[in-house]
Amino acid sequence: MELRMAVDKRFPGFELATDFSVAGGRVGIFGVSGSGKSTLVSLLAGLSHPDQGEIVLDGEYLFSSSKRISVPPERRRIAMVFQNACLFPHLSVKGNLLYGFKRCTPGHRKIDPDTLIDVLKLEPLLQRGVNMLSGGEKQRVALGRAILANPRLLLMDEPLSALDDSHKLQIIEYLRSAGDQFGIPYLFISHSLLEIRLMTDEVLAVGGGRILGQTTPEELARQRMGRSQVGYINLIRGDLVRRLGGMQVYRWGDAELFVSTASQEETPLFELSSRDIILFKKHPEAISARNLLHCKVVDTFASGNKVGVELSVGGQRLIAEVVGEAADELAIQARADIYAVIKASSFRTLT
Ligand SMILES: Nc1ncnc2c1ncn2[C@@H]1O[C@H](COP(=O)(O)OP(=O)(O)OP(=O)(O)O)[C@@H](O)[C@H]1O
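Each chain has its residues counted from 1, running along the sequence as written. In keeping with the model being predicted, local features are shown solely for residues with a pLDDT of at least 70 and side-chain atom pairs are shown and tallied solely at 80 or more, while totals for entire chains, interfaces and linings include all residues.

## Comments concerning the overall build of the protein
Line of reasoning, step 1. Each helix is a run of H or I in the DSSP string that is no shorter than four residues. Each strand is a run of E no shorter than two, and both are numbered from the N terminus. Scanning the protein for helices and strands turns up eight helices and 22 strands.
Line of reasoning, step 2. Taking the principal axes of the C-alpha coordinates as reference, the protein spans close to 70 × 50 × 35 Å.
Line of reasoning, step 3. Counts of 20 or more other C-beta atoms within 10 Å of a residue's own C-beta define buried residues, counts of 12 or fewer define exposed ones, and intermediate counts define partly exposed ones; C-beta atoms are placed from the backbone. By residue count, 36% of the 351 residues in the protein fall in the buried class.
Line of reasoning, step 4. A sequence separation of at least 24 residues applies to 69% of the contacts in the protein between residues at least 6 apart. Contacts here follow a simple rule: the backbone-placed C-beta atoms of the two residues must lie within 7 Å.

Here it is as structure tokens:
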């Protein structure tokens, strides 16, 4: 997907003015509430019109004020998944799924409904009325309906916001299938950096109606480390090796991690804040923390008043943070050996 949006849109008290180009299959739009994300999405989908400018998708003008072009929404081949599933209440799950497929011209019908039903695990729901579904199930149906419309671009506008935390991450796996299994490029809009990191490869940061930056989710997370209350969040997927009393031991690359927070999953995802990693220059003796990892410093970076320290451990990467003074005292520099200490209780279970 190649998208260029150079548009202006004014509301009383708010102006969206963007000029950006993105290419790729998994693009994020990140920004706080009121930054203009939904306005941008609505202009792209054709649900509202820019005051001026142009929108070009894969070489085709969807909107151009100077050329007097405005392709109607139904001819843009852009499908949407919103915060609320917005399913048709009078149709069954199957009816909702096939709705988009039937409206799609036969030449564009590349995705087989049975394959989609299989991938999104919708078979047991097919005959149900949509009011009999949980929030997560509704979002899976809404996603399926959008994919079956065989769009050239899928817009996902805060699709996880209405779900509780425990369901969000399960649904992410399905949302990603739009790209991974069906090859549909998507724009994923969210105010959650975690969701952006799990869903996208490139991200536009939006604020006050402007594009503040265009970068990778990883780089965005690093930039925000110093400003964030929680520091940098390391995302760690471990493989359960054994259980020891109230503790789980996970393999993570060549390293083993002791984690005291429980998960039902064999390969759960954990969060670990850069603030919960303590660095030692020499091997510390007799510590109560369960995890002592011998690491190499890969790189350091400044973020606000903190220094981020990228570590290599057992073939994996970990980001710790220290204040500038500590970085000097510990002589932290690329290729230095260092020990990272982490309490077993510092890991937060995401799945
Ligand atoms: N139709 C409209 N009329 C007037 N103002 C509007 C309209 N649509 C949006 N706005 C204003 O534009 C600004 C950006 O809104 P927008 O919904 O795009 O933000 P957002 O980043 O998507 O926020 P959220 O994450 O809360 O949905 C807000 O100040 C909003 O009040």
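Picking up where we left off.
## So, the sheet that holds strand 14 (residues 247-252)
Line of reasoning, step 1. Only when DSSP finds a minimum of two bridges between them are two strands counted as paired. Taken in spatial order, the three strands of this open sheet run 13-14-15, and their pairing is antiparallel. Each edge of the sheet is formed by a strand with only one pairing partner; in this case those strands are strand 13 (239-244) and strand 15 (255-259). With strand direction ignored, the average angle separating the axes of adjacent strands in the sheet is 25°.
Line of reasoning, step 2. Sheet topology places strand 14 next to strand 15; five bridges connect them, and they run antiparallel. Looking across to strand 15, one finds that Arg 251 is bridged to Glu 256. Convention adopted: a line fitted to C-alpha atoms gives each axis, helices being fitted over their contacting stretch, and angles between N-to-C directions are expressed from 0 to 180 degrees.

## Quick notes on the domain arrangement of the protein
Line of reasoning, step 1. Domain segmentation is taken from an automatic or database assignment of domains. Domain boundaries assigned for the protein yield domain 1 (2-224) and domain 2 (233-349).
Line of reasoning, step 2. Each of domain 1 and domain 2 has a C-alpha centre, and the two are 35 Å apart.
Line of reasoning, step 3. Domain 1 puts six residues into the contact, and the matching count from domain 2 is six residues.
Line of reasoning, step 4. Secondary-structure elements contributing two or more residues to the side of domain 1 that touches domain 2 are helix 6 (193-199) and helix 7 (217-224).

## Overview of the sheet that holds strand 7 (residues 78-81)
Line of reasoning, step 1. The six strands lie next to each other as 7-8-9-3-10-11, forming an open sheet whose pairing is mixed. The sheet is open, and its two borders are formed by strand 7 and strand 11 (210-215), each paired with just one other strand. Put simply, the sheet's adjacent strands are angled 20° from each other on average, direction ignored.
Line of reasoning, step 2. Alignment of strand 8 (residues 153-157) against strand 9 (residues 186-190), held across four bridges, turns out to be parallel. Opposite Asp 157, over in strand 9, you have Ile 189 as the bridge partner.
Line of reasoning, step 3. Sheet contacts for helix 4 (residues 135-148): strand 7 and strand 8; angle to strand 7, the most-contacted strand, approximately 180°.
Line of reasoning, step 4. Running over the sheet, helix 7 touches strand 3 (26-30), strand 10 (202-207) and strand 11 and is turned about 45° from strand 10.

## As for the site of the ligand
Line of reasoning, step 1. Using a C-beta atom placed from the backbone, a residue is described as near a molecule or strand when that atom lies within 6 Å of it. The environment of the ligand is made up of Phe 11, Phe 14, Gly 31, Ser 33, Gly 34, Ser 35, Gly 36, Lys 37, Ser 38, Thr 39 and His 191.
Line of reasoning, step 2. Sorting elements by how many residues they give to the shell around the ligand places helix 1 (residues 37-45) first, with three residues.
Line of reasoning, step 3. Under this grouping Gly is polar, as are all residues other than the nonpolar Ala, Val, Leu, Ile, Met, Phe, Trp, Tyr, Cys and Pro and the charged Asp, Glu, Lys and Arg. Grouping the constituent residues of the shell around the ligand by class yields two nonpolar, eight polar and one charged.

## A few points about the UniProt feature "domain: Mop" (unreviewed entry) in the protein
Line of reasoning, step 1. UniProt positions are given in the numbering used here, feature names are shortened, and annotations may be inferred rather than shown by experiment. As recorded in UniProt, the feature "domain: Mop" (unreviewed entry) lies at residues 286-351.
Line of reasoning, step 2. With 9% helix and 56% strand, residues 286-351 has end C-alpha atoms that lie 32 Å from one another.

## Here we look at unusual backbone geometry
Line of reasoning, step 1. Phi at Ala 331 is positive, roughly 50°, even though this residue is not glycine.
Line of reasoning, step 2. Residue placement: Ala 331 occurs in the loop between helix 8 (324-329) and strand 21 (337-342).
Line of reasoning, step 3. C-beta crowding within 10 Å serves as the criterion here: with 10 such atoms nearby, Ala 331 is assigned to the exposed category.
Line of reasoning, step 4. Of note, the phi angle at Arg 335 is positive, near 75°, even though the residue is not glycine.
Line of reasoning, step 5. Of note, Arg 335 is situated in the loop between helix 8 and strand 21.
Line of reasoning, step 6. Under the C-beta neighbour-count criterion, Arg 335 is labelled exposed, with 9 such atoms within 10 Å.

## What to know about the environment of Thr 349
Line of reasoning, step 1. Within the secondary structure, Thr 349 sits in strand 22 (residues 348-349).
Line of reasoning, step 2. Residues Thr 349 and Ser 166, 183 residues apart in the sequence, show an inter-C-alpha distance of 9.9 Å.
Line of reasoning, step 3. In this view, Thr 349 contacts Thr 261, Ala 262, Ser 263, Pro 268 and Phe 270; residues no more than four positions away in its chain are not counted.

## Points about the packing of helix 2 (residues 93-103) against helix 4
Line of reasoning, step 1. Contact pair helix 2 / helix 4: the axes reach a minimum separation of 6 Å and the direction vectors enclose 25°. Relative to helix 4, helix 2 is oriented roughly parallel. The element helix 2 and its partner helix 4 pack so that their crossing is right-handed. Every residue of helix 4 that contacts helix 2 at Val 93, Asn 96, Leu 97, Leu 98, Tyr 99, Gly 100 and Phe 101 is listed here: Val 141, Gly 144, Arg 145, Ala 146 and Leu 148.
Line of reasoning, step 2. Of the residues in the contact of helix 2 with helix 4, the class split is eight nonpolar, three polar and one charged. Any angle from 65 to 115 degrees is called roughly perpendicular, while one under 35 is roughly parallel, one over 145 is roughly antiparallel, and all others are oblique. For any helix crossing, the convention is left-handed if the near helix is rotated counterclockwise from the far helix by under a right angle, and right-handed if that rotation is clockwise.

## Focus on the UniProt feature "domain: ABC transporter" (unreviewed entry) in the protein
Line of reasoning, step 1. Here the UniProt feature "domain: ABC transporter" (unreviewed entry) sits at residues 1-233.
Line of reasoning, step 2. Taken end to end, residues 1-233 is 31% helix and 28% strand, and its first and last C-alpha atoms sit 29 Å apart.

## Some details on the environment of Ala 45
Line of reasoning, step 1. Looking at the secondary structure, you find Ala 45 in helix 1.
Line of reasoning, step 2. Take Ala 45: there are 18 C-beta atoms within 10 Å of it, and that puts it in the partly exposed class.
Line of reasoning, step 3. Those residues in contact with Ala 45, other than ones at most four positions away along the chain, are Pro 73, Arg 76, Ile 78, Met 80 and Leu 155.

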